[in-house]
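# Notes for the structure review
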Amino acid sequence: MLVIARRYGQLGNRLFLFAHLIAAAKQYGVALRNPCFAEYAHLFPRMSDDLWCRYEPDSNVKSPREKTASRHASPPSLAQRTRLMHAIEIGTKTLYLARLREHPFKIIRLSKHDVCDLAGNEFESAARSGRVVLLQGWRFRSDAFLMQHWASIKDFFSLGVRDRNAVDESLATARRDCDVVVGVHIRRGDYANFMDGRYYFDDACYARWMHQVREQFPGRKVNFLVCTHEAIDESSFKGLSVFRGPGSAIGDMYSLAETDVMLGPPSTFTGWASFIGQAPRIELESAEKSVALPPHVQESILSGSIQGKGTVQIVGNRLVG
């Protein structure tokens with residue numbers, strides 16, 4: 001059994017770490033527990049009632065005992081989840097520092113720049129050993145497994161009814177009487193200090209990029225779905241058809257996932273939206289650079305054929321097909 005024993009970052013980071021390890025669990029036929037998903041478990045019905053945030057290789061199957069428990073037990077509180085998360089994190093770190101890294105549990109702990117190849121022989125051996133394997137680190141990765149098991153991951157992270165309805169309503173409004181919907185993630189807040197504000201862009205920058213994208217669809221009606229927790233100066237977006245996302249982090253993320261193409265600074269927030277929706281994404285890396293969509297991407301967006309073809313790679317304010 002695999003156990004994620006340390007939290008990393010906010011929603012997007014947590015989702016990607018969880019998803020890579022779900023893919024590995026599915027690949028090797030082992031169970032996975034993620035008590036460190038505590039703050040976000042309530043957002044997803046598949047784990048909202050589960051203190052341990054469990055993933056089973058065949059996650060559609062529950063034992064009779066689990067079914068009975070789920071009917072009668074109330075959902076765990078955030079306080080309960082937080083206590084468990086801290087206990088797992090501290091307990092694992094204590095064992096590791098005491099050099100008890102093989103017994104009673106197997107511990108794999110990565111430093112900041114270490115990468116663990118989930119498809120590698122060493123990890124496969126640990127996963128299939130039948131032991132409890134405690135995992136601490138950010139870069140547990142297998143892009144091949146991630147894409148191979150994309151459908152299972154998407155199903156596991158399906159939204160609840162209220163959030164799903166909010167996303168559907170947002171997209172229905174944005175898609176009304178238009179040919180293309182472009183998602184725009186305006187992220188400031190913590191980005192004022194992240195990398196010395198390198199990706200902190202003002203409204204005028206975003207508006208300029210939006211005009212550039214619209215000009216690449218001549219004769220077509222382009223609407224923009226803007227998702228942000230920040231106040232924006234609406235006058236900066238004069239001449240653009242702008243709609244706002246649902247407003248919640250999860251609602252905005254999953255709304256962006258259903259746009260035809262999305263713009264945003266480098267972030268696992270739009271990274272997850274692009275992955276889960278299999279939609280192209282432009283990373284906005286410099287205020288001095290323009291946004292350019294290759295012609296074949298424009299054609300694919302208009303035909304709808306880009307959906308389901310995999311995330312388009314991004315370099316420096318442009319898509320690289």
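On a predicted model such as this, the values are computed, not experimentally measured, just so you know.

We now examine the environment of Ile276. Secondary-structure assignment places Ile276 in helix α10 (residues 268-277). The exposure class assigned to Ile276 is buried, which follows from its relative accessible area of 3%. When the C-alpha atoms of Ile276 and Ser158 are compared, they prove to be 9.8 Å apart, with 118 residues separating the residues in sequence. In this structure Ile276 touches Trp150, Lys154, Tyr254 and Ala257, once residues within four positions along its chain are discounted.

A separate point is the sheet that holds strand β11 (residues 261-264). Ordered by their spatial adjacency, five strands build an open sheet running β10-β9-β8-β11-β12, and the pairing between neighbours is parallel. The open sheet has two edge strands with one neighbour each: β10 (241-244) and β12 (281-283). Taking each pair of neighbouring strands and ignoring which way they run, the sheet shows an average axis angle of 25°. Sheet topology note: the β11/β12 ladder contains three bridges and is parallel. Note on β12: the bridge partner recorded for Gly264 is Glu283.

Sheet architecture is open: five strands sit in the order β3-β2-β1-β6-β4, paired in mixed fashion. Only two strands of the sheet have a single neighbouring strand rather than two, namely β3 (54-55) and β4 (106-109). Strand direction decides the pairing type here: strand β2 (residues 32-33) and β3, joined by two bridges, are antiparallel. Looking at the pairing, Arg33 lines up with Arg54 of β3. Of the strands in this sheet, β1 (2-4), β4 and β6 (133-136) are in contact with helix α3 (residues 78-97), which crosses β4 at around 95°.

Quick look at the confidence of the model for the chain now. In this model, the chain carries an average pLDDT of 88, and 88% of its residues clear a pLDDT of 70 or more. Low pLDDT, under 50, characterises residues 307-321; the predicted model gives this stretch 49 contacts beyond four residues in sequence or across chains.

Our focus in this paragraph is the environment of Asp117. Secondary-structure assignment places Asp117 in strand β5 (residues 116-117). For the pair formed by Asp117 and Arg139, sequence separation is 22 residues and the distance between their alpha carbons is 8.5 Å. Excluding residues that lie within four positions of it along the chain, Asp117 makes contacts with Phe123 and Arg141. Reaching out from Asp117, the side chain makes a polar contact with the backbone nitrogen of Ala119 at a distance of 2.9 Å.

To continue, consider the pattern of salt bridges. Scanning the entire structure with this criterion turns up 13 salt bridges. Salt bridges sharing partners connect three or more residues here, namely Arg7, Arg14, Glu39 and Glu89.

The subject of this paragraph is the packing of helix α1 (residues 11-28) against helix α9 (residues 249-256). Between α1 and α9, the least distance of the axes is 11 Å, while the angle of their chain directions is 65°. Side by side, α1 and α9 meet where Leu11, Gly12 and Leu15 of the first sit next to Ala249, Ile250 and Met253 of the second. For the contact of α1 with α9, a count of residues per class yields five nonpolar, one polar and no charged.

Another aspect to go through is the pairing of strand β9 (residues 222-227). The side chains of a regular strand alternate, residue by residue, between the two faces of the sheet. Of all six residues in β9, six are buried, a share of seventy percent or more. Of the strand pairs in this sheet, strand β8 (residues 180-185) and β9 are connected by six bridges, and their pairing is parallel. Across the sheet, the residue bridging to Val182 is Phe224, located in β9. In this structure, β9 lies alongside β10, joined through four bridges in parallel fashion. Bridge assignment links Val226 to a residue of β10, and that residue is Arg244.

Counting residues in each nonpolar core, the largest one holds 61 residues, and the members touching the most others are Phe123, Phe157 and Trp272. When residues in this core are grouped by element, the largest group, 12 residues, is from α1. Beyond its immediate chain neighbours, meaning those up to four positions away, Trp272 contacts Leu15, Phe16, Ala19, Ile153, Phe157, Met253 and Tyr254. Counting 28 residues, the second largest nonpolar core, distinct from the first, contains Tyr199, Val226, Phe237 and Val291.

Parameters at a glance
Residues numbered from 1 in each chain as written. Predicted model: local features only at pLDDT ≥ 70, side-chain atom pairs only at ≥ 80, totals over all residues. Heavy atoms only, no water. Helix = DSSP H or I, 4+ residues; strand = E, 2+ residues; numbered from the N terminus. Buried < 20%, exposed > 50% of the residue type's maximum accessible area, 1.4 Å probe, protein only. Contact = heavy atoms within 4.5 Å. Pairing = 2+ DSSP bridges. Axes fitted to C-alpha atoms, helices over the stretch in contact; angles between N-to-C directions. pLDDT = per-residue confidence, 0-100. Polar contact = N/O pair within 3.5 Å; in protein donor to acceptor, adjacent residues only side chain to side chain. Salt bridge = Lys/Arg side-chain N within 4 Å of Asp/Glu carboxyl O. Nonpolar A, V, L, I, M, F, W, Y, C, P; charged D, E, K, R; others polar. Core = buried A, V, L, I, M, F, W, Y, C linked by side-chain atoms within 4.5 Å.

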